[in-house]
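What follows is each chain in one-letter form.
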Amino acid sequence: AQSVAQPEDQVNVAEGNPLTVKCTYSVSGNPYLFWYVQYPNRGLQFLLKYITGDNLVKGSYGFEAEFNKSQTSFHLKKPSALVSDSALYFCAVRVPASGGSYIPTFGRGTSLIVHP
Amino acid sequence: ETGVTQSPTHLIKTRGQQVTLRCSSQSGHNTVSWYQQALGQGPQFIFQYYREEENGRGNFPPRFSGLQFPNYSSELNVNALELDDSALYLCASSLDSGFVGTDTQYFGPGTRLTVL
(Lines give C-alpha, C1' and ligand atoms only; values in the text may rest on other atoms or scores of the structure.)
Protein backbone atom coordinates (compact mmCIF):
# COMPACT_ATOMS: atom_id res chain seq x y z
CA ALA A 1 0.00 0.00 0.00
CA GLN A 2 1.17 3.49 -0.72
CA SER A 3 1.26 6.27 1.83
CA VAL A 4 2.27 9.89 2.23
CA ALA A 5 3.46 11.57 5.39
CA GLN A 6 3.57 15.27 6.11
CA PRO A 7 5.30 15.25 9.48
CA GLU A 8 4.50 18.84 10.42
CA ASP A 9 0.93 19.94 11.06
CA GLN A 10 2.06 23.55 11.00
CA VAL A 11 5.06 25.49 9.73
CA ASN A 12 5.72 29.05 10.82
CA VAL A 13 8.08 31.33 8.91
CA ALA A 14 8.76 35.05 8.74
CA GLU A 15 8.04 36.91 5.54
CA GLY A 16 11.12 37.04 3.35
CA ASN A 17 12.66 33.93 4.85
CA PRO A 18 12.97 30.63 2.99
CA LEU A 19 10.30 28.03 3.65
CA THR A 20 10.23 24.24 3.52
CA VAL A 21 7.20 22.00 3.81
CA LYS A 22 8.16 18.36 4.21
CA CYS A 23 6.74 15.29 2.51
CA THR A 24 7.86 11.68 2.56
CA TYR A 25 6.26 8.78 0.78
CA SER A 26 6.14 5.00 0.72
CA VAL A 27 5.26 3.18 -2.50
CA SER A 28 5.98 0.07 -4.48
CA GLY A 29 7.25 1.20 -7.82
CA ASN A 30 8.11 4.58 -9.25
CA PRO A 31 6.00 7.38 -7.77
CA TYR A 32 4.44 10.38 -9.37
CA LEU A 33 4.45 13.18 -6.80
CA PHE A 34 2.32 16.29 -6.54
CA TRP A 35 1.93 19.39 -4.39
CA TYR A 36 -1.32 21.32 -4.00
CA VAL A 37 -2.34 24.40 -2.03
CA GLN A 38 -5.75 24.99 -0.48
CA TYR A 39 -7.02 28.37 0.66
CA PRO A 40 -9.93 28.59 3.13
CA ASN A 41 -13.25 27.44 1.69
CA ARG A 42 -11.65 26.71 -1.66
CA GLY A 43 -10.71 23.64 -3.66
CA LEU A 44 -7.14 22.52 -4.19
CA GLN A 45 -4.84 24.32 -6.60
CA PHE A 46 -2.06 22.47 -8.38
CA LEU A 47 1.46 23.76 -7.66
CA LEU A 48 3.86 21.29 -9.26
CA LYS A 49 4.53 17.65 -10.03
CA TYR A 50 7.38 15.22 -10.47
CA ILE A 51 6.96 12.56 -13.09
CA THR A 52 10.47 11.78 -14.29
CA GLY A 53 13.72 13.52 -15.19
CA ASP A 54 15.31 16.39 -13.29
CA ASN A 55 14.90 15.93 -9.55
CA LEU A 56 14.30 19.66 -9.02
CA VAL A 57 10.85 20.69 -10.16
CA LYS A 58 9.75 24.31 -10.47
CA GLY A 59 6.11 25.23 -10.15
CA SER A 60 3.64 28.05 -9.68
CA TYR A 61 4.11 31.14 -7.50
CA GLY A 62 7.87 30.61 -7.10
CA PHE A 63 7.58 27.20 -5.43
CA GLU A 64 9.88 24.32 -6.18
CA ALA A 65 10.34 20.78 -4.88
CA GLU A 66 13.15 18.28 -4.93
CA PHE A 67 12.58 14.60 -5.50
CA ASN A 68 14.99 12.51 -3.41
CA LYS A 69 14.60 8.82 -4.19
CA SER A 70 17.04 7.56 -1.55
CA GLN A 71 15.26 9.48 1.20
CA THR A 72 11.80 8.96 -0.36
CA SER A 73 11.10 12.65 0.06
CA PHE A 74 9.57 15.43 -1.99
CA HIS A 75 9.91 18.60 0.09
CA LEU A 76 8.30 21.84 -1.08
CA LYS A 77 10.46 24.96 -0.95
CA LYS A 78 10.38 28.65 -1.67
CA PRO A 79 13.37 31.01 -1.34
CA SER A 80 11.40 33.95 0.07
CA ALA A 81 8.01 33.52 1.75
CA LEU A 82 5.11 35.93 1.32
CA VAL A 83 2.25 36.50 3.75
CA SER A 84 -0.06 35.50 0.90
CA ASP A 85 1.56 32.03 0.87
CA SER A 86 -0.24 31.28 4.14
CA ALA A 87 -2.51 28.33 3.35
CA LEU A 88 -2.86 24.56 3.67
CA TYR A 89 -0.43 22.49 1.59
CA PHE A 90 -0.98 18.91 0.50
CA CYS A 91 1.48 16.40 -0.89
CA ALA A 92 0.11 13.53 -2.98
CA VAL A 93 1.50 10.40 -4.60
CA ARG A 94 0.20 8.25 -7.45
CA VAL A 95 1.33 4.85 -8.57
CA PRO A 96 -0.15 3.38 -11.75
CA ALA A 97 -2.28 0.31 -11.09
CA SER A 98 -3.45 -2.43 -13.36
CA GLY A 99 -5.98 -1.71 -16.06
CA GLY A 100 -4.73 1.78 -16.78
CA SER A 101 -5.88 3.28 -13.50
CA TYR A 102 -4.22 4.74 -10.46
CA ILE A 103 -5.07 5.50 -6.86
CA PRO A 104 -3.95 8.92 -5.63
CA THR A 105 -3.05 9.23 -1.97
CA PHE A 106 -2.85 12.55 -0.17
CA GLY A 107 -1.07 13.54 3.00
CA ARG A 108 -2.97 15.12 5.89
CA GLY A 109 -1.79 18.58 5.01
CA THR A 110 0.55 21.17 6.52
CA SER A 111 -0.67 24.60 7.53
CA LEU A 112 1.85 27.23 6.48
CA ILE A 113 1.72 30.50 8.39
CA VAL A 114 3.88 33.35 7.15
CA HIS A 115 4.25 36.16 9.67
CA PRO A 116 4.72 39.78 8.50
CA GLU B 1 -9.73 30.00 -10.83
CA THR B 2 -10.22 26.72 -12.66
CA GLY B 3 -13.11 26.05 -15.02
CA VAL B 4 -14.44 23.30 -12.74
CA THR B 5 -17.75 24.08 -11.09
CA GLN B 6 -19.70 22.16 -8.47
CA SER B 7 -23.24 22.36 -7.19
CA PRO B 8 -24.67 22.87 -4.73
CA THR B 9 -22.21 24.80 -2.57
CA HIS B 10 -23.69 23.60 0.67
CA LEU B 11 -26.15 20.85 1.51
CA ILE B 12 -27.76 19.58 4.69
CA LYS B 13 -29.27 16.09 4.81
CA THR B 14 -30.43 13.71 7.49
CA ARG B 15 -29.13 10.23 8.16
CA GLY B 16 -30.51 7.62 5.77
CA GLN B 17 -31.28 10.06 2.98
CA GLN B 18 -29.74 10.05 -0.47
CA VAL B 19 -27.79 12.90 -2.10
CA THR B 20 -26.58 13.81 -5.57
CA LEU B 21 -23.67 16.18 -6.11
CA ARG B 22 -22.81 17.63 -9.50
CA CYS B 23 -19.63 18.65 -11.24
CA SER B 24 -18.97 20.40 -14.51
CA SER B 25 -15.49 19.67 -15.87
CA GLN B 26 -13.09 22.14 -17.36
CA SER B 27 -13.53 22.45 -21.11
CA GLY B 28 -11.66 19.76 -23.04
CA HIS B 29 -11.14 17.47 -20.05
CA ASN B 30 -12.19 13.83 -20.40
CA THR B 31 -11.48 12.53 -16.90
CA VAL B 32 -13.16 13.37 -13.61
CA SER B 33 -12.28 12.27 -10.09
CA TRP B 34 -14.18 12.65 -6.83
CA TYR B 35 -12.68 13.08 -3.39
CA GLN B 36 -13.99 13.26 0.16
CA GLN B 37 -12.21 15.67 2.48
CA ALA B 38 -13.19 15.37 6.12
CA LEU B 39 -12.42 18.25 8.44
CA GLY B 40 -8.69 18.47 9.17
CA GLN B 41 -7.82 15.69 6.73
CA GLY B 42 -6.41 15.38 3.27
CA PRO B 43 -8.68 14.45 0.37
CA GLN B 44 -9.51 10.76 0.04
CA PHE B 45 -9.99 9.34 -3.43
CA ILE B 46 -13.49 7.99 -4.06
CA PHE B 47 -13.37 7.09 -7.76
CA GLN B 48 -12.44 8.29 -11.22
CA TYR B 49 -14.32 8.26 -14.51
CA TYR B 50 -12.75 8.27 -17.94
CA ARG B 51 -15.01 8.57 -20.97
CA GLU B 52 -18.08 7.58 -18.96
CA GLU B 53 -16.51 4.45 -17.44
CA GLU B 54 -15.27 4.05 -13.87
CA ASN B 55 -11.55 3.25 -14.10
CA GLY B 56 -10.34 3.54 -10.53
CA ARG B 57 -11.90 3.36 -7.10
CA GLY B 58 -10.72 4.04 -3.58
CA ASN B 59 -11.79 2.34 -0.39
CA PHE B 60 -15.41 3.49 -0.36
CA PRO B 61 -18.52 1.28 -0.09
CA PRO B 62 -20.89 0.69 -3.02
CA ARG B 63 -23.38 3.22 -1.68
CA PHE B 64 -21.01 5.78 -3.20
CA SER B 65 -21.67 5.71 -6.92
CA GLY B 66 -21.12 7.99 -9.85
CA LEU B 67 -21.85 8.85 -13.42
CA GLN B 68 -20.02 10.70 -16.15
CA PHE B 69 -22.04 12.08 -19.02
CA PRO B 70 -21.10 12.47 -22.71
CA ASN B 71 -20.28 16.13 -22.11
CA TYR B 72 -17.91 14.93 -19.35
CA SER B 73 -19.94 16.45 -16.54
CA SER B 74 -20.35 14.14 -13.58
CA GLU B 75 -22.48 13.19 -10.59
CA LEU B 76 -21.64 11.67 -7.24
CA ASN B 77 -24.49 9.81 -5.56
CA VAL B 78 -24.43 8.72 -1.96
CA ASN B 79 -27.19 6.48 -0.60
CA ALA B 80 -28.14 5.75 3.00
CA LEU B 81 -26.23 8.74 4.34
CA GLU B 82 -24.31 8.30 7.58
CA LEU B 83 -23.10 10.95 9.99
CA ASP B 84 -19.48 10.25 8.95
CA ASP B 85 -20.33 11.23 5.38
CA SER B 86 -20.26 14.86 6.50
CA ALA B 87 -17.36 16.36 4.57
CA LEU B 88 -16.25 18.57 1.70
CA TYR B 89 -16.68 16.71 -1.58
CA LEU B 90 -14.25 17.75 -4.27
CA CYS B 91 -14.42 17.10 -7.95
CA ALA B 92 -11.33 17.33 -10.15
CA SER B 93 -11.09 17.17 -13.91
CA SER B 94 -8.11 16.43 -16.13
CA LEU B 95 -7.12 15.52 -19.64
CA ASP B 96 -5.86 11.98 -19.86
CA SER B 97 -2.66 12.07 -21.91
CA GLY B 98 -2.27 8.34 -22.25
CA PHE B 99 0.43 8.19 -19.60
CA VAL B 100 -1.43 6.83 -16.61
CA GLY B 101 -1.20 8.92 -13.49
CA THR B 102 0.64 11.89 -14.96
CA ASP B 103 -2.32 14.17 -15.65
CA THR B 104 -2.73 17.45 -13.78
CA GLN B 105 -6.02 17.66 -11.95
CA TYR B 106 -7.97 20.90 -11.65
CA PHE B 107 -10.24 21.04 -8.65
CA GLY B 108 -13.61 22.62 -8.17
CA PRO B 109 -14.49 24.60 -5.03
CA GLY B 110 -16.29 21.65 -3.45
CA THR B 111 -19.68 20.88 -1.96
CA ARG B 112 -19.95 21.00 1.82
CA LEU B 113 -22.27 18.17 2.92
CA THR B 114 -23.60 18.06 6.46
CA VAL B 115 -25.44 14.96 7.63
CA LEU B 116 -27.57 15.38 10.75
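Residues numbered from 1 in each chain as written. Chains lettered and ligands numbered in written order. Predicted model: local features only at pLDDT ≥ 70, side-chain atom pairs only at ≥ 80, totals over all residues. Heavy atoms only, no water.

### Examining the overall build of chain A
The secondary structure content of chain A amounts to 0 helices and 12 strands. Along chain A, helices and strands appear, N-terminal first, in the series β-β-β-β-β-β-β-β-β-β-β-β. Reported as C-alpha extents along the three principal axes, the dimensions of chain A are approximately 50 × 30 × 25 Å. Taken over 116 residues, chain A has a buried fraction of 44%. For chain A, long-range pairs separated by at least 24 residues make up 57% of all intrachain contacts whose partners lie at least 6 apart in sequence. As displayed, chain A offers around 5500 Å² of accessible surface, 50% of which is attributable to carbon and sulfur atoms. Across chain A, the mean location of the 9 positive side-chain charges is 7 Å away from that of the 7 negative side-chain charges. (Helix = DSSP H or I, 4+ residues; strand = E, 2+ residues; numbered from the N terminus. Buried < 20%, exposed > 50% of the residue type's maximum accessible area, 1.4 Å probe, protein only. Contact = heavy atoms within 4.5 Å. Areas by Shrake-Rupley, 256 points an atom, 1.4 Å probe, with all protein chains shown as cover. Lys, Arg positive; Asp, Glu negative; His and termini not counted. Charge placed at Lys NZ, Arg CZ, Asp CG, Glu CD.)

### Some remarks on the side chain of B:His29
All names here are of chain B. Secondary-structure assignment places His 29 in the loop between strand E3 (19-24) and strand E4 (31-37). Classification of His 29 as buried rests on a relative accessible area of 8%. Ignoring sequence-local partners within four residues, the contact set of His 29 consists of Tyr 72, Ser 93, Ser 94, Leu 95 and Tyr 106.

### A look at empty space enclosed by the protein
Tallied over the entire structure, the rule returns 1 cavity of 30 Å³ or more. Along the walls of the largest cavity sit 10 residues, with A:Tyr102, B:Thr31, B:Gln48, B:Asn55 and B:Asp96 positioned nearest its centre. Looking at side-chain class alone, the lining of the largest cavity contains 3 nonpolar, 5 polar and 2 charged residues. (1 Å grid on protein atoms, 1.4 Å probe; cavity = no way out; pocket = protein on both sides within 12 Å on 5 of 7 lines; lining within 4 Å. Points joined across faces, edges and corners; volume = space filled by probe spheres on them. Nonpolar A, V, L, I, M, F, W, Y, C, P; charged D, E, K, R; others polar.)

### Topic: the interface of chain B and chain A
Taken together, the contacts link 24 residues of chain B with 21 residues of chain A. Buried area between chain B and chain A, both sides added, is near 1900 Å², and the carbon and sulfur share of it is 53%. Per-residue buried area on chain B facing chain A is highest for B:Val100, B:Thr102 and B:Phe107; these three make up 24% of the total on that side. Our count for the contact surface shared by chain B and chain A stands at 1 salt bridge. Across the pair A:Arg94 and B:Asp103 runs a salt bridge whose closest N-O atoms are separated by 3.2 Å. Summed over the shared surface of chain B and chain A, the result is 6 residue pairs in polar contact (both at pLDDT 80 or more). Contributing elements (two or more residues each) for the side of chain B that touches chain A: E4, strand E5 (44-50), strand E6 (53-57) and strand E9 (87-94) of chain B. Per-element accounting of the side of chain B that touches chain A gives the leading share, 3 residues, to E6(B). Among the residues making up the side of chain B that touches chain A, the classes are represented as 8 nonpolar, 13 polar and 3 charged. (Buried area = accessible area lost by both parts, 1.4 Å probe. Salt bridge = Lys/Arg side-chain N within 4 Å of Asp/Glu carboxyl O. Polar contact = N/O pair within 3.5 Å; in protein donor to acceptor, adjacent residues only side chain to side chain.)

### Description of the nonpolar core
Counting 26 residues, the largest nonpolar core has A:Trp35, A:Leu47, A:Leu48, A:Phe74, A:Leu76 and A:Tyr89 as its most contacted members. When residues of this core are assigned to their parent elements, the largest contribution, 4 residues, is made by strand E10 (residues 87-96) of chain A. Excluding residues that lie within four positions of it along the chain, A:Leu47 makes contacts with A:Trp35, A:Tyr36, A:Val37, A:Gly59, A:Ser60, A:Tyr61, A:Phe63, A:Leu76 and A:Tyr89. Judged by nonpolar contacts, the second largest core, of 20 residues, contains B:Cys23, B:Ile46, B:Tyr49 and B:Ala87. (Core = buried A, V, L, I, M, F, W, Y, C linked by side-chain atoms within 4.5 Å.)

### Considering unusual backbone geometry
Residue and element names in this part refer to chain B. Residue Pro 8 is bonded to the preceding Ser 7 through a cis peptide linkage, with omega at -10 degrees. Summarising the element assignment, Pro 8 is placed in the loop between strand E1 (5-7) and strand E2 (10-13). Located in the positive-phi region is Tyr 72, a residue other than glycine, with phi close to 75 degrees.

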